[in-house]
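# Summary of the model geometry
These are the residues of each chain, in order.
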Amino acid sequence: MEAVETASRSTSRSLRRVGILYDERMCRHHTPDDEPHPENPNRIRAIWNKLQSAGISQRCEVLSAKEAEDKYILSVHGKSHVDLIRNISSQQYNSRRNRIASKLNSIYLNEGSSEAAYLAAGSVIEVAKRVAKGELDSAFAIVRPPGHHAEHDEAMGFCLFNNVAIATNFLLNEKELGINKILIVDWDVHHGNGTQKTFWKDPRVLFFSVHRHEFGSFYPSNDDGDYTMIGEGPGAGYNINVPWENGRCGDADYLAVWDHILIPVAKQFNPDMILISAGFDAAVGDPLGGCCVTPYGYAMLLRKLMDFARGKIVLALEGGYNLASISNSALACMEVLLDEKIVTGSTEAYPFESTWRVIQVVRQELKAFWSVLADEVPTKLISQKAPIPVKKILISSCDSEAEDVEELLQEVIRPLSTLRVDEDCRESASVSWRSDLSNIDIWYATFGSNMWKPRFLFYIEGGQVDGMQKLCSGSMDKRPPKEILWKIFPHRLFFGRESTRTWGLGGVAFLHPESKNEDIVHMCLYRITLEQFNDVLHQENISSYDMSSPLFDLTSLDCVKEKGSINLEAVKKGWYHNVVYLGMERDIPILTMTCDLSDIENFKSGKVPLHAPSEDYANTLVKGLVEGGQLSEEEAVSYIKEAATKPL
């Protein structure tokens, strides 16, 4: 694409009235013993210092922070949660504060947490109120702790109160402000799960989130951020998720989403005001984000939104953990709000193929609600795509900072740190093991829905078949199996679990890892590479493992031949973490994946339920058996029914 330049509306002193809010008291929230942590006071200090040194604060109205009143916080959070955050910093909690924090997801608490949380929420309310009244044209609240992960009754993901959601409800409930429709844009690299749930059924709020998702494996590691989550009841269609399938998305990817989803919908929605959950952790060099948005990119995203709601925009800081990146990105955004300088930069790159794929499925999902999404994206545009690079071109300028964060990721915040820190090294390692294992063939023996070839191919090529509720990401090596054959083995097939992310309600197939002569199971064997087998393992176990090293390598292969089966520690929470060796076929090992013996005991005891498969899932097995020439349709139905009803 050609370089893009946007001239300011005025080269003289800005006529726009822009507010900025910073308060050092929010720095009193820190880890109990000042242990290193990415969400630390230096984040807002770095932004404030950058804006001061650039002369930005002198051109703005500097606002004073105010603590939020409970009545406003209670519009989003439950009373028990509000009571906890209000009192957690008091002396009565000194002996149990750390214990409470340890039970929460990626949260720390100290003597300054209560004040900081109330100031953060109150500050976003204050700047939003001033903009809504017309006293300011726009504003930036430099606040912490962040908020978009905080749910009705739960602090999580560094967030205590949901600052943007609280401010949004304040604006809507204060009728004299005349704010009836609000667009929330969440460009933080993580999904704004808390904000989504707050406005799930509310058509007054259009919630838009673009985030790394990777089929539910990226924090917050669930399906809330999937593109199928569109709202409910009167709010259906007013929740828009754009879930990246991979990291390293940059300016071109985000701008494509703006041009082909957000901007058209924003025009049709016509908001009275815009609130931005402005996390800068998708920025180049962020140790948790793994994306490549530049300050120019953020400026362009914001500039495109200035055409709506008469430019009445409030930015509230969310994430962002590289001090240089967040400071430069915040400065670029402030220059747009002030209309001070020419925004220059270049998008000399195309979006990833996966970006176009996501854009298309999001438009398809929402076209019934937004007529502007009804047309197909022109093929000429979609053909302009970039492959996912093997090695990053843009890296952090703060290497020492990234190294410090890597240390604390190991010790403090592993739940949120499913990203690659020091990614250059890890990507090199990933390329190395993939190259090695791409030359080793195995037979992958399937007994469930993968017996049907079209279904299995989605584990290789990516996508989904009818009946599936979740996309497969596919393998890095998308070559089809070299051969397919069928065999019968002396193992027990059964169905368990009440529901799955992929198929919804109903059990799925498992294989008893121990063989018995009286048992018979039909299995379809695909000859694939050991590299592809690793990618299938990863998808079957819906794992957050980063694949910088293999789940199952040549040492594992030797071990499983000797022992008969091995549990994979890296995916031990997955349902198919046990790799079982079934022998050799033409000197090529036959492997399958299933549960282990401890899981079998849980199924027998009822701790984990046995459950018949859903109709869609069972039909997929029938298709596999019939099209594979193993059984007639009647025999296949009987085979599945027996497996589902016979006691384990």
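Looking up the chain in an unreviewed UniProt entry gives the name Histone deacetylase 5-like isoform X5, with the organism given as Rhodamnia argentea. Note on the chain: under the UniProt heading Cofactor (unreviewed entry), the record states "Zn(2+)".

A few words now on the overall build of the chain. Helices and strands together make up the secondary structure of the chain, namely 20 helices and 20 strands. Here the chain, with 648 residues, has 61% of them falling under the buried criterion. Taking the contacts inside the chain whose residues are at least 6 apart along the sequence as the reference set, 76% of them involve residues at least 24 apart. As displayed, the chain offers around 25,800 Å² of accessible surface, 48% of which is attributable to carbon and sulfur atoms.

On to the pattern of salt bridges. Scanning the model with the defined rule gives 35 salt bridges in all. In this structure, D137 engages R17 in a salt bridge whose closest nitrogen and oxygen atoms are separated by 3.6 Å. Here D137, found in the loop between α5 (113–132) and β4 (138–141), pairs with R17, found in the loop between β1 (4–6) and β2 (18–21); they are 120 residues apart in sequence, far enough to count as distant. Judged by relative accessible area, which is 19%, D137 ranks as buried.

This next bit is on the packing of aromatic side chains. When we look at a pair of aromatic rings, we describe it by the centre distance and by the angle of the planes. Under the counting rule described, the total for this entry stands at 22 aromatic pairs. On the basis of an interplanar angle of 55° and a centroid distance of 5.2 Å, the ring pair of F510 and F603 is categorised as tilted. With F510 in strand β16 (residues 508–511) and F603 in helix α18 (residues 597–605), the pair connects residues that are 93 residues apart, well separated along the chain. Of the two residues examined, F510 and F603, each falls in the buried class. Look at F533 and F552: their rings are 5.7 Å apart centre to centre, the planes differ by 75°, and that puts the pair in the edge-to-face class. Pair noted here: F533 is in helix α16 (residues 530–540) and F552 is in the loop between α16 and α17 (554–563), with a separation of 19 residues, a long-range link. Across this residue pair, the class does not change: F533 and F552 are buried. Each member of the aromatic cluster is reached from another via a ring pair, and the members are Y444, F456, Y526, F533 and F552. Across from the ring centre of F269, 5.2 Å away, lies the NZ or CZ of K181, which sits over that ring. The cationic tip of R455 hangs over the ring face of Y459; the distance from NZ or CZ to the ring centre is 4.3 Å.

Take the sheet that holds strand β7 (residues 239–244) next. The eight strands are arranged β3-β2-β4-β9-β8-β5-β6-β7 in an open sheet whose pairing can be described as parallel. The strands lining the two open edges of the sheet, one partner per strand, are β3 (61–63) and β7. When strand polarity is set aside, the average angle formed by the axes of neighbouring strands in this sheet is 15°. In this structure, β4 lies alongside strand β9 (residues 313–317), joined through four bridges in parallel fashion. Pairing of F140 across the sheet is with L315, part of β9. Seen against the sheet, helix α1 (residues 42–53) touches β2, β3, β4 and β9 and runs at an angle of roughly 135° to β9.

Here R144 and P145 are connected by a cis peptide whose omega angle stands at 0°. With an omega dihedral of 10°, the bond running from Y219 to P220 counts as a cis peptide bond. In this structure, P220 sits in the loop between β6 (205–212) and β7. Phi at F215 is positive, roughly 60°, even though this residue is not glycine. By the secondary structure assignment, F215 is in the loop between β6 and β7. Positive phi is not limited to glycine here, since R586 has a value of about 55°. One can find R586 in the loop between β19 (578–585) and β20 (588–594).

Counting residues in each nonpolar core, the largest one holds 130 residues, and the members touching the most others are W187 and W258. Judged by nonpolar contacts, the second largest core, of 64 residues, contains A445, F495, I588 and Y639.

With that settled, the discussion passes to the sheet that holds strand β17 (residues 521–529). Pairing in this open sheet of six strands is mixed, and the strands run β12-β17-β11-β20-β19-β18 from one edge to the other. On the outer flanks of this sheet lie β12 (484–489) and β18 (565–567), each paired with one strand and no other. Strand-to-strand, the axes of this sheet are offset by a mean angle of 30°, without reference to chain direction.

Okay, the state of the cysteines next. Considering all chains together, one arrives at zero disulfides under this definition. C249 provides the cysteine sulfur closest to C291, a residue in no disulfide bond, and the two sulfurs are 5.1 Å apart. Its relative accessible area of 3% is what places C291 among the buried residues.

Here the focus is the packing of helix α15 (residues 453–461) against α16. In contact at an axis separation of 9 Å, α15 and α16 are set at 105° when each is read in the N-to-C sense. Our classification of the angle between α15 and α16 gives roughly perpendicular. The residues of α16 that touch α15, namely those facing F456, F458, Y459 and I460, are Q532, V536, Q539 and E540. Of the residues contributing to the contact of α15 with α16, the split by class is five nonpolar, two polar and one charged.

The rules behind the values
- Residues numbered from 1 in each chain as written.
- Predicted model: local features only at pLDDT ≥ 70, side-chain atom pairs only at ≥ 80, totals over all residues.
- Heavy atoms only, no water.
- UniProt positions renumbered as here; feature names shortened; annotations may be inferred.
- Helix = DSSP H or I, 4+ residues; strand = E, 2+ residues; numbered from the N terminus.
- Buried < 20%, exposed > 50% of the residue type's maximum accessible area, 1.4 Å probe, protein only.
- Contact = heavy atoms within 4.5 Å.
- Areas by Shrake-Rupley, 256 points an atom, 1.4 Å probe, with all protein chains shown as cover.
- Salt bridge = Lys/Arg side-chain N within 4 Å of Asp/Glu carboxyl O.
- Phe/Tyr/Trp six-rings, centres within 6.5 Å; stacked < 30°, edge-to-face > 60°.
- Lys NZ or Arg CZ within 6 Å of the ring centre and 35° of its normal.
- Pairing = 2+ DSSP bridges.
- Axes fitted to C-alpha atoms, helices over the stretch in contact; angles between N-to-C directions.
- Core = buried A, V, L, I, M, F, W, Y, C linked by side-chain atoms within 4.5 Å.
- Disulfide = S-S within 2.5 Å.
- Parallel < 35°, antiparallel > 145°, perpendicular 65-115°, else oblique.
- Nonpolar A, V, L, I, M, F, W, Y, C, P; charged D, E, K, R; others polar.

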